[in-house]
Amino acid sequence: MKAYLEALWGNRYTTALVAVLMLAAGVVAFQALPRSVFPNVNFPRVSVLVSDGYLPVHVMLVRVTEPLEQAAKGVQDVTLVRSTTSNGLTKIHVFFSGAITPNNAYLLLEARLGQVALPPAAHMSVRLMMPSIYPFAEYALVSQTKTSSEMLPTYAFTLKPRLLDIPGVYTVASIGRGWPQVHVDLSLRRLISHHLGLDRIVALLRAHQGPYFGGVMAGFHSSFLLTAAGRPAGVAALGRLPVPLGGAGGAVVPLSALAHITVGPPPRVRGSAVAHHAHSLLIEVAAQANANVERVAQGVSRAIASLRQGLPHDMRLVRDYDLSRLIAASLHDVWMALILGTIITFAVLLAFLRRFDTALATLVVVPLSLAGTFVILHFLHLGLNIMTLGGITAAIGALVDHAIVVIEQATHAQGSGTVPERRARALRAAGEVLPMMTFATLTSALVFVPLILLSGTIGILFRQMAIALVTALIVSQAVALSVTPLLATYLAGRRGRPSKAWRPARRVRVGYARVLRRALGKPFLGVLASVAILGAAYAIFRVLPTAFLPAWDEGVIAVPFRTTVGSSASQTLAVGRGLVAIAIHDPAVATASVVVGQSLGNPRATPNKGDLVLTLKSSASAIAVMRTLGARFRASYPSLSMLKLHQLLVTQLGNLSGAHSPLDVEVFGHSASSLAVYAGHLKARLAASHRFANVSFPTSSAGPAISLTPRLRAQQQGLTPPLLGEQIKAAYWGVSAGYLLRGAQILPIAVGTNPPGSMSRSLGPSLFVHAPGGPYAPLAAFATAHTRRQVPVITHQNLVPFADIEIRPHRAMGLAQAAAVARGLIAQTPPPHGITTDIAGYYKEQAKSFAQMELTLIFALLVLLVLVGYQLRAQRAALAVLVATALSALGSLAALWVRGIPLDSTSFLGLLLVFAIVVNNGILIFGQARHYRSPPGRLQIELAARRRLRPILMTMAADVLGFLPLAVGVGHGTDLLKPLATAVMGGLILALAASLFIGPMLYMALSRRSKP
């Protein structure tokens, strides 16, 4: 080490140049790193959505769901297959184990599902779940006069191409009623008078969907392409299309004589609304996986400002929400907390070292370590998000610790003499502590390595935090081995005024020595204190509420709701508009919008399902607004079958992980109907207990249905079920008969016998159908109707039917406590034979993550025991250091309990960070004692503890106060790190007593009594 430090001093200018280049590279890497709220990583889950119009539930189950389920279950490393089947809609969620990468799992599943034969009209989409699939911004094209269908051409041909041209934009999608259609509304009276059937009109229109290829003719020195029967050029030409009436005379009539032809919106299956506007078309913008969302959002904002200038006078383009602002604000808050913590650390160092240049030199390690960390993150293709910044912020204390120990050791050994003599002593002193610090840093880094191997949602989220933290520790140690000794040696040669002994500091040292001497004479008290502290820590751990992730105020609220079973999309949209009107009158709400027939996680949903998105003003509290609006919504619309309020990113995280609520009671059985009955009873029992904030049982019905069975007369006259179904479809929905072209726009042709978009006609005498070759007659003459009030939605999990009850506990109730209450209530409502229950949701993820975190803590302590034993060459000293380190957990748990913060995964990370910091104190004390004598005795332990008192107090004070901005909270962006900072501060405060008193006392208790 001596030769290395002398060579380092000889190349000090080159080392300084390398440090400057590292700073420059760090600035460049920092600008290039992508920014987001959560890490943009792939979750081991694939979502499959299949839509086929309004195909009945049981047909979808047999022809779509079950074949796809069985195919998915046979794919390698699939652990869970969950499906929901409704009218014309199948949703399948496939979960994979950690043994396969998500990308490979996605490719294997897509290839396997592609071999399943689906109905001809079925459309299947397969998505790998990752944060980038969700839009980061939503805008709205609004108008008071034009409908969303009329605004679609402006969106498709003007807005969408411009937005897709922005670098980093992945998809641009619209939410509205849909493209306009050509409605051919046939007059039933005229069809009857001319003896025409619907099938002849549809066949005629489809026959005119040319042009049809007729060959190639050569002539006149040219080659001509021959086509026949071109498509009508427009609506007017379509009206002039001749319709043969049949018979001997060969009479024809134009189509306009039989039908009223208009261009209008399609039947409403989806819809959207924005506050203060009559019509709206929502525009969602999603970024590419590794794009810098902030930069992409800036490009989108500039493009929107430019596009606003060219819009028609009756259209406007407004912003609904933009999560890039949340990203910028969150990262800004974390940066502010980091800067404030660094300033506080500098003040602490200045108070202890009492020299401005020495304190400033100690902090040089921070920008250098950050620069090196940014460079490595860039090469690892990671980005800046709450997790990576949290890891860097958590490592700041350890970064400063390295510099404090080295510089304090060097300055302590300066003494008097010439400049070369002082510098030589400083180099020698730094060489004594650097090997010890290097080993301690590697030990701390190894403690965090298991976090990289965690599985589940917590592992996915915290893996990048652990990588950033370990990277910062290793880079800071490289700085401590290169730049810090040079700074310490340079400062040793500077002339400074000799600092006078600070009387309070001297009193502290003398008082500590006196108390420690007495404590070492009674080491059994250390054993008793350790047992008492561990018992208190266990007691607090038992009563401390638990949570999956910390509560985080995003400022964007999602409100999924469901109207009565069987409600149409128009009825649901009317309710959504009412909810928007209530929300926008709240002074804390900035914008409000609603979509129906589509959810935040899927592009298709049942007509009775809607989602509100509310953007709050910057000063508003999301928790308070959700509480207020939730009460108003329920009071205004008590008939809603489901209403939940939660924040948008929490919803997206739940969709990505597959857990949609804090607690899910899953009910399994063999019959969907019996499951629905028992789940309904259980839901009522859970809600009647009033032990939870909200209990909901998502609608288990796809709505009422009418089944038409052909009579004998229909079969005799050739009216087959397909022909009957097509005529019924024409009466209520419209039969597809090709399309027209309007420039680049495609206008589908829908032939019907009812006004466009109307589904209000009853199955009464006014509904006539036509048998081939026979007269028109009322529907009742050809078919009998059977009504079912409830057609259940069919849900499977691993091919077994199941039902799901969602529970949201009160804020003061932890997830573990809520799960225990739910189990007790389930026990009071025993299921019938053949039905079983299970608790899932965020609770299951929390239980899994807690089990992994507990194993990680145990592993960390064992690693510390082994590595510290190797370093100190004495297992007794290592065991004393280990126990003193573990005792700091009481401080962390007590701090969380006092502040009313639940124990979550970030709190566990705080405990791990405390262990990594505190273990260095024991290593420094016992390493110093071994420097005096090996094995050290009571006198050596006392001298070493007194020698290391000031650096330990300095590092602990700097770390505790450095985490203060995060613990207090600088804006909403630090909410996710508040439990971590609180746990670290509480643990480090107790660690002072554990390191300075209990550790030495335990060592003496484990040591054999030596003769005087």
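As a reminder, the structure under discussion sits directly above these lines.
The present account deals with the structure reproduced in this document. Sequence positions are assigned chain by chain, starting from 1 and proceeding in written order. Reporting in this predicted model follows two pLDDT cut-offs: at least 70 for local features of residues, and 80 or more for side-chain atom pairs to be given and counted; totals over whole chains, interfaces and linings ignore these cut-offs and use all residues. As a rule here, side-chain values cover all heavy atoms of the structure and leave hydrogens and water aside.

On to the sheet that holds strand β15 (residues 316-322). Hydrogen bonding along the main chain pairs the strands of a sheet, whether they run parallel or antiparallel. Between any two strands, pairing holds if DSSP finds at least two bridges. Under the scheme used here, helices are H or I runs from DSSP no shorter than 4 residues and strands are E runs no shorter than 2 residues, and both carry numbers assigned from the N terminus. Taken together, four strands build an open sheet; the order of strands is β6-β14-β5-β15 and the sheet is antiparallel. At either margin of the open sheet sits one strand with a lone partner, and together these are β6 (169-175) and β15. If you compare each strand with its neighbour and ignore which way they point, the axes differ by 25 degrees on average. Of the pairings in the sheet, the one linking β6 to strand β14 (residues 279-287) comprises six bridges and is antiparallel in character. Residue pairing in the sheet places Ala173 in a bridge with Glu284 of β14. The criterion used for residue contact is that any of the two residues' heavy atoms lie within 4.5 Å. Lines fitted to C-alpha atoms define the axes here, with helix axes fitted over just the stretch in contact, and angles between the N-to-C directions of these axes take values from 0 to 180 degrees. Taken strand by strand, helix α5 (residues 148-164) contacts β5 (137-143), β6, β14 and β15, and its axis lies near 25 degrees from that of β14.

Attention now goes to helix α18 (residues 569-584). One turn of an α-helix holds 3.6 residues; hence residues three or four places apart share an orientation. An expected span of 1.5 Å times one less than the residue number is assigned to each helix. Here α18 spans 22 Å end to end across 16 residues, near enough to the 22 Å set by a 1.5 Å rise per residue. Relative accessibility decides the category of a residue: with a 1.4 Å probe and only protein chains considered, values under 20% of the type maximum give buried, values over 50% give exposed, and everything between is partly exposed. All of the buried residues along α18 are Ala569, Thr572, Leu573, Val575, Gly576, Gly578, Leu579, Val580, Ile582, Ala583 and Ile584. Residues of α18 that are buried sit in contact with β13 (271-274), β16 (556-562), β17 (589-596), β18 (609-616) and α19 (622-636).

Aromatic pairs are defined between Phe, Tyr and Trp rings, using the six-membered ring for Trp, whenever the two ring centres lie within 6.5 Å; interplanar angles under 30 degrees are classed as stacked, those over 60 as edge-to-face, and all others as tilted. Within this structure, the stated rule accounts for seven aromatic pairs. Relative to Phe802, the ring of Phe668 lies with its centre 5.7 Å away and its plane at 25 degrees, an arrangement referred to as stacked. Linking Phe668 in strand β21 (residues 663-668) with Phe802 in strand β30 (residues 800-808), this pair joins segments that are 134 residues apart in sequence. Phe802 carries the same exposure label as Phe668, and that label is buried. Working rule: Lys NZ or Arg CZ, within 6 Å of ring centre, within 35 degrees of ring normal, means a charge sits over the ring. Above the ring of Phe30, the side-chain terminus of Arg35 is found at 4.7 Å from the ring centroid. The cationic tip of Arg713 hangs over the ring face of Phe782; the distance from NZ or CZ to the ring centre is 4.8 Å.

On to the nonpolar core, then. Formed by 214 residues in total, the largest nonpolar core has its most connected members in Leu141, Leu163, Val300, Phe448 and Phe692. Per element, the largest residue contribution to this core is 16 residues, and it comes from helix α28 (residues 905-932). Once residues lying within four places of it in the same chain are set aside, the contact partners of Phe692 are Leu686, Ile807, Arg808, Pro809, His810, Met813, Ala818, Val821, Ala822 and Leu825. What we call a nonpolar core is a set of buried Ala, Val, Leu, Ile, Met, Phe, Trp, Tyr and Cys residues that are connected through their side-chain atoms within 4.5 Å. Of all hydrophobic cores here, the second largest spans 29 residues; its members include Phe561, Ala588, Leu616 and Phe633.

Next up on the list: the packing of helix α26 (residues 875-887) against α28. Two elements in contact, α26 and α28, have axes separated by 9 Å at closest approach and are oriented at 145 degrees. By crossing handedness, the relation of α26 to α28 is classed as right-handed. Residue-level inspection shows Ala877, Ala880, Val881, Thr885 and Ala886 of α26 in contact with α28, the latter providing Phe915, Val918, Val919, Gly922 and Phe926. For this classification, Asp, Glu, Lys and Arg are treated as charged, while Ala, Val, Leu, Ile, Met, Phe, Trp, Tyr, Cys and Pro are nonpolar and the rest, including Gly, are polar. Residues of the contact of α26 with α28, tallied by class, amount to eight nonpolar, two polar and no charged. What makes a crossing left-handed is the near helix being turned counterclockwise from the far one by less than a right angle; a clockwise turn instead makes it right-handed.

Note that the residue after Gly210, namely Pro211, is joined by a cis bond; omega there is 5 degrees. With respect to the secondary-structure elements, Pro211 resides in the loop between α7 (198-207) and β8 (212-219). Residue His195 is not a glycine yet carries a positive backbone phi of 55 degrees. Position of His195 among the secondary structure elements: in the loop between α6 (188-193) and α7. The exposed category is assigned to His195, whose relative accessible area is 66%. Its identity is not glycine, yet His276 carries a phi of approximately 75 degrees, on the positive side. Take His276: it is sitting in the loop between β13 and β14.

Let us look at the packing of helix α25 (residues 842-872) against α28. Here α25 crosses α28 at 10 degrees, and the two axes come no closer than 11 Å. Taken together, the axis directions place α25 and α28 in an arrangement best described as roughly parallel. Only Ser905, Phe908, Leu911, Leu912, Phe915, Val919, Ile923, Phe926, Gly927 and Arg930 of α28 make contact with α25, whose side of the interface consists of Ser849, Phe850, Met853, Glu854, Thr856, Leu857, Ala860, Leu861, Leu864, Val868, Gln871 and Leu872. Its residues assigned to classes, the contact of α25 with α28 comprises 15 nonpolar, five polar and two charged. In these notes the angle categories are as follows: under 35 degrees is roughly parallel, over 145 is roughly antiparallel, 65 to 115 is roughly perpendicular, and the rest is oblique.

Here we have four strands laid out as an open sheet, ordered β12-β7-β25-β24, and mixed in their pairing. Of all the strands in the sheet, just β12 (259-264) and β24 (735-742) have a single pairing partner and so form its edges. Neighbour-to-neighbour, the strand axes of this sheet turn through a mean angle of 25 degrees, independent of strand direction. Bridge count between β24 and strand β25 (residues 745-752): six bridges; the pairing is antiparallel. Residue pairing for β25: Val735 is matched across the bridge by Val751. Contacts between α7 and the sheet are confined to β7 (181-186), β24 and β25, with β24 contributing the most and set at about 35 degrees to the helix.

Among the surface-exposed residues, Arg308, Arg316, Arg319 and Arg325 lie close enough to one another that they form a single positively charged patch. Topologically, Arg325 is positioned in helix α10 (residues 323-353). The residues that make up patches have over 30% relative accessible area and no salt bridge, and they are joined within 9 Å when like-charged or within 5 Å when they are Val, Leu, Ile, Met, Phe, Trp or Tyr. The Shrake-Rupley method, run with a 1.4 Å probe sphere, supplies the accessible areas, and residue values consider only the shown protein chains as cover. Throughout this description, the term salt bridge denotes a Lys or Arg side-chain nitrogen within 4 Å of a carboxyl oxygen of Asp or Glu. For the purpose of counting charges, residues Lys and Arg are taken to be positive, whereas Asp and Glu are taken to be negative. His and the chain ends are not included. Charge positions come from single atoms, namely NZ of Lys, CZ of Arg, CG of Asp or CD of Glu.

So, about the pattern of salt bridges. Close approach of charged atoms allows side chains of opposite charge to pair. For the structure shown, the criterion picks out seven salt bridges. Glu806 is paired through a salt bridge with Lys644; the nearest N and O atoms lie 2.5 Å apart. Of this pair, Glu806 sits in strand β30 while Lys644 sits in the loop between β19 (642-643) and β20 (646-647), and the two are 162 residues apart along the sequence. In this pair, the class of Glu806 matches that of Lys644, namely buried. A salt bridge links Lys844 to Asp838; the nearest nitrogen and oxygen atoms lie 3.7 Å apart. A relative accessible area of 45% means that Lys844 is categorised as partly exposed. Owing to a relative accessible area of 32%, Asp838 belongs among the partly exposed residues under this scheme.

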